[in-house]
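Observations on the model geometry
Spelled out, the chains give:
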Amino acid sequence: MYSSLILIPFFSVIVLNLPFRTLMKKSAFWVCIALSLIQIFAVLFSPTGSLGNLTEMFFSFLRVDLWIDNLSRIMLLCIGIVLFTAAWVQKELSKDEERQFNFMNVLLLLLAGLNGIVLVRDIFSLYVFLEITAVSSFILIGFNKERDAFEAAFKYIILSVIATALMLTSIGLLLMIAGDTSFATISATLKTSPDKLLAMFAVAIFLCAAFIKGGVMPFHGWLPDAYSASPASVSVILAGVVTKTVGVYTLIRIVYSVFGYSPALTLILLIVGTLSVVLGALAALGQSDFKRMLAYSSISQVGYIVLGLATGSMLGLAGAVFHLFNHSIFKSLLFVNSAAVESSTGTRNMDNLAGLAKKMPVTGTTSILASLSCAGIPPLAGFWSKLLIIVALWMGKFYAFAIIAALASILTLAYFLSLQRRVFFGKLREDLAHIKESGFGFLLSMTILALITIGAGLGFPFILNSFLLPVKTISGG
Amino acid sequence: MGALLLPILIPLIAGILSLLITKRFRILSEVVVLWATFFNLVIAVLLFKNNLTVSLPMTHWGLTFSLRLYHFSGFIMLAVAGFAALIALYSVVFMKGKDHLNQFYGYFLITLALTNGAVLANNLIVMLFFWEGLLLVLFGMIAIGNKMAYKTATKAFIIVGVTDLCMMLGIALTGHLAGTLTMSKIHLPLIGLGNLAFILLMIGAISKAGAMPFHSWIPDAAVDAPLPFMALVPAAFEKLLGIYFLARISLDLFNLIPGSWVSIVLMTIGAITIILAVMMALIQKDYKRLLSYHAISQVGYMILGIGTALPVGIVGGLFHMINHALYKSGLFLTGGSVEKQTGTTNLEKLGGIGTKMPVTFACFLITACAISGVPPLNGFFSKELIYDGALERGWIFYAAAILGSFLTAASFLKLGHSAFLGKLHESNKNTQEAPIPMLIPMIIIASLCILFGVFNYLPLNNFIQPILGTARLHGHNFAGFPTNPFLVLMTAVVIVAAILNHFWGVKSKGSAIKAVDHIHYAPILSTIYEKAEKRFFDPYDIGMQVAQRIAEAAFWCDRKIDWFYEVLTVKITFAFTHSIKKAHDGSYSTYLAWSLVGGLLVVLFLMFSV
């Protein structure tokens, strides 16, 4: 059944573009919405385990095994929610049917790629779906055909190509060592392999590839441009799921299920995570572009996830995965907020904004909720995930990193308060007196996301026991 | 057994009742206050000479609400009840037409209830409860005076509050040392921490009594607070209560012996209080303010007497306590009469009213003689006993006490002369004698001053000496005329000297009010006086200035801490932010270089870890 999560988007694209294309124009949006909703509900009420294989029915010599576990389920859930949001935002932003149709097609391709990454069990299929996702993302970033967007897309392509090259090299080496590309075999071989140096080289360059894709410091060069120059709906997807799935999920999966931990690897993850947390937050503090600040904030938050992963403990992993989920929700929400503000006022420069909370109450309120959640203020969801990560760091005896992570929360709060003060609080500027609250699509998605971040915070004990702690079962192959 | 609760409950209920009575039913609140104080007096008389205890367990960890009536507490209660009844009668006339009547009567009665409670309490915590309650009504009573009274009320509240805190610590320490809080079971030696506990409790006691350096609110209250309050609280109740507690800790809770340094401390405080307060009294130009300084000075005699730790001194101190309560409240009441009838207590606007108010003048004369120690009035006998004790402990203390007597006599000569004698002041032409209800208390008090003097064996044998018991007295009986002819002679010399000094002063300066100017403007004294009048030596003001400096220092530190967080940290943060922003120059090559260098480092690090 889960193979349909990959196949249906593919076939939808084909069906939508067959001779009836003109008739299908209007339905593309609803197909997206329907697929994302189906995905959300399917994930919430499904068992875990083997899903059979994807391509058996076509080619008996090429098997792509699919598998779903608790980590995959959480990722699928994020993908569904964020896609739903992005589709609504795009509908609000672009009234041109043709453009909307094109956008939705690419979005469906992206959906198939993302779902594929999450469900596959071998390193080569992972690579294939990563590429599908990456190519869809290039198109989406440059979708508005603006100069900045092209530059951003180009930066992303270049760094992504480097990542791809590294990853392919690594896969080749691993295939050579293990004779197979499935996670289980590689994991088993790496433990017993006589050629440790080569294996470690393969691991190292794969890690670098994942770092680039995940946009952690110092591999993040493409990220601020890509997030801020792309259309609003694309920023939501990029920040919400693409970077998270392509980079962070891959990192978690590969480190936790395939490579396993070593002291050196833990140290690398800790250093990269701390760098991202601190430098990302410091950089965010200096931004005056709404989306650019959110982009740097994303880097900082991904740093927390990496820190949680670095501990290698059950608690740390639960924290990392929960923060991954929370970040998808609140960062998407903040990008929707920024899109709403931009569509109402025509600017993203925070120095030209003030006092919007009165004119845009829903946007103002939800952005405060998202900011507080991101800064780790109880009882919102972000507080619990950060707490888990910091506690896990402390229990893992990484005291210095725990303290830095805790202190960096203050920086997070600082830049979000500065954002709130500059955009939503204070006296309304006279030239903004005429603005109105944003449209239905914005309000719907903002409300839903805000409710999720509150609900996940208040229902934390339930979520911890039924979703997060079972994540530990993904270990091994 | 329940009878012991009556002296607390009756005034308390009556007090709450009169707080509730509105201004329209003024008569009703007067009836309430008169009957309540009368009943209280009857109960006190009936209870006197009984020995009763009440013990109601209050908490499971051993705090019992225990009251104990025995000779000492019965005597104090009787005295308190007597003053309350007399001053209630006086107030009903005096307070007519004043604001906040219901509050005044309410606080009056609650003060009475709490004083009874504090005297009867046999548990230190229970006593502390009543003691602190008095602080509350003290604040209320001063605050309802004139418009600036709230400042004085705050001053009193802070001074007494701080000393009460000392007492609270003392009680905790005493309880810790003794293992019990029941007062009748505590008998501690004055060694080690016991000294500290004693000093802390003593601070509470002498501050309540109004000794230096805890006195400075009293002269202010004399001007700001309603006059009956002055006659009732600082002149009578607080002296009785403070000296009662001082005697309790010196005689029962601890065993004060003549050789101990604590005894020297007490005598020193007493001697300094006598001299400094009377020096200040000497130069006052206001009837009530002058009296209030004497209320402080006289405490010095009591503390000096008890501080000697000799039977003769202690008997003298306690006798002086009741005598002082009599003549000082009597003096305040004459001051109240003068204020009521002439509208002022400023000595410069008074003069020659002795003929217009003969009864008041007579009462003043008797009480003033009593406070100056003129035989055969009560003040003479108690002072002689104190002199006796002081001389035995050291001539310096005796010298201070006798100098105090000289100045006291001089200042009352000045007061009496300038207020009641001399030329009639123009504004007093139509002055009349005070109404009868105000005269009755004064007459009774003045007669008691004579009675306690001429027949001094009555109070001494019935009230004072049983407090010490025959064992402590070693068979002495201090009633009757003083046995030491030297002391009597000295007292006579001092009084004559004071009179001569007064007439010399009047003659040289030309008016009664300037009779002591040669002391006031003596070379060194004049500068000291000038500074004292400007409150340079007021411990409260000094304390407030110190507090101000501390607050400024704390504010300075706070600004620095604030600067650290708000300026320095922010600046450092933004310096980082700025450099990070600069590094993001948007060029492909930079970002590529970062990624490649980072990747290289990761690879190398992992490879070398194998």
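Residues numbered from 1 in each chain as written. Chains lettered and ligands numbered in written order. Predicted model: local features only at pLDDT ≥ 70, side-chain atom pairs only at ≥ 80, totals over all residues.

The next thing to look at is the overall build of chain B. Assigned secondary structure in chain B consists of 22 helices and two strands. Counting all 610 residues of chain B, 52% fall into the buried class. Counted over contacts in chain B with a minimum sequence separation of 6, partners at least 24 positions apart contribute 80%. (Helix = DSSP H or I, 4+ residues; strand = E, 2+ residues; numbered from the N terminus. Buried ≥ 20, exposed ≤ 12 C-beta atoms within 10 Å, placed from the backbone. Contact = placed C-beta atoms within 7 Å.)

Before going further, it helps to examine the overall build of chain A. Each helix and strand counted, chain A has 20 helices and two strands in total. Buried residues in chain A amount to 58% of all 477 residues. Here the analysis covers contacts within chain A between residues at least 6 apart in sequence; of these, 80% occur between residues at least 24 apart.

On to the nonpolar core, then. Within the largest apolar cluster, 201 residues are counted, with the highest numbers of intra-cluster contacts made by B:L240, B:L246 and B:A401. Filtering out sequence-adjacent residues up to four positions away, B:L246 remains in contact with B:M202, B:A205, B:I206, B:A209, B:I303 and B:I306. (Core = buried A, V, L, I, M, F, W, Y, C linked by C-beta atoms within 7 Å.)

So, on to the packing of helix 1 (residues 3-17) of chain A against helix 5 (residues 97-119) of chain A. Residues and elements named next belong to chain A. The N-to-C vectors of helix 1 and helix 5 enclose an angle of 160°; their axes lie 8 Å apart at closest approach. It follows from the interaxial angle that helix 1 and helix 5 lie roughly antiparallel. The way helix 1 lies across helix 5 gives a crossing that is left-handed. On helix 5, the residues touching L5, I6, P9, F10, S12, V13, L16 and N17 of helix 1 are N105, L108, L109, L111, A112, N115, G116 and L119. Broken down by class, the residue content of the contact of helix 1 with helix 5 amounts to eleven nonpolar, five polar and no charged. (Axes fitted to C-alpha atoms, helices over the stretch in contact; angles between N-to-C directions. Parallel < 35°, antiparallel > 145°, perpendicular 65-115°, else oblique. Left-handed = near helix turned anticlockwise from the far one by under 90°. Nonpolar A, V, L, I, M, F, W, Y, C, P; charged D, E, K, R; others polar.)

Further remarks concern helix 20 (residues 460-468) of chain A. All names here are of chain A. Within helix 20 the residues assigned to the buried category are F460, I463 and L468. Considered in projection along helix 20, the buried side chains sweep an arc of 60° and stay on one side of the axis. Away from the buried face of helix 20 by more than 90 degrees, exposed residues P461, F462, N465 and S466 are located. In this structure, the buried residues of helix 20 make contact with helix 14 (314-345), helix 17 (381-395) and helix 19 (440-458). (Arc of directions from axis to C-beta.)

Our focus in this paragraph is the packing of helix 13 (residues 290-311) of chain A against helix 14 of chain A. Residue and element names in this part refer to chain A. One way to put it is that helix 13 packs onto helix 14 with a least axis distance of 8 Å and a crossing angle of 175°. Taken together, helix 13 and helix 14 sit at an angle that is classed as roughly antiparallel. Between helix 13 and helix 14, the residues in contact are F290, K291, L294, S298, Q301, Y304, I305, G308, L309 and T311 and G316, L317, G319, A320, H323, L324, H327, K331, L334, F335, S338 and V341, respectively. For the contact of helix 13 with helix 14, the residue count by class is eleven nonpolar, nine polar and two charged.

To continue, consider unusual backbone geometry. Cis geometry is found at the peptide bond from A:M217 to A:P218, where omega equals 0°. With respect to the element layout, A:P218 can be found in the loop between helix 9 (196-214) and helix 10 (223-229). Residue A:P379 is reached from A:P378 by a cis peptide bond, and omega for that bond is 5°. Of note, A:P379 is situated in the loop between helix 16 (361-375) and helix 17. The phi dihedral of A:K145 is positive, around 55°, even though this residue is not glycine. Counting through the fold element by element, A:K145 comes out in the loop between helix 6 (123-141) and helix 7 (147-178). Owing to 7 C-beta atoms within 10 Å, A:K145 belongs among the exposed residues under this scheme. Of note, the phi angle at B:A309 is positive, near 65°, even though the residue is not glycine. Its location among the elements puts B:A309 in the loop between helix 11 (287-307) and helix 12 (311-342).

What follows covers helix 20 (residues 523-533) of chain B. The buried count for helix 20 of chain B comes to zero of eleven residues, which makes it a mostly uncovered element. Just past helix 20 of chain B, the residue B:R535 takes up positive phi, approximately 65°.

At the junction of the two partners, chain B supplies 22 residues and chain A supplies 28 residues. When residues of the side of chain B that touches chain A are assigned to their parent elements, the largest contribution, 14 residues, is made by helix 22 (residues 588-609) of chain B.

What follows concerns the environment of B:A211. Residue placement: B:A211 occurs in the loop between helix 7 (193-209) and helix 8 (217-224). For B:A211, the contacting residues outside a window of four places in its chain are B:I206, B:I269, B:T273, B:I296, B:V299, B:G300 and B:I303.

Looking now at the environment of B:L124. Residue and element names in this part refer to chain B. One can find L124 in helix 5 (residues 124-143). Note on L124: 25 C-beta atoms within 10 Å, which makes it buried. Apart from the residues within four sequence positions on either side, L124 is in contact with I171, T174, G175, L181 and M183.

Attention now goes to the environment of A:L432. For A:L432, the position within the fold is in the loop between helix 18 (399-423) and helix 19. Put simply, A:L432 and A:T345 are 87 residues apart on the chain and 7.0 Å apart in space, counted from C-alpha to C-alpha.

What follows deals with the confidence of the model for chain B. Confidence in the prediction of chain B, expressed as mean pLDDT, is 82, and 99% of residues score 70 or more. No element of chain B has a lower mean pLDDT than helix 19 (residues 517-520) of chain B, at 72, and none a higher one than helix 21 (residues 539-583) of chain B, at 87. (pLDDT = per-residue confidence, 0-100.)

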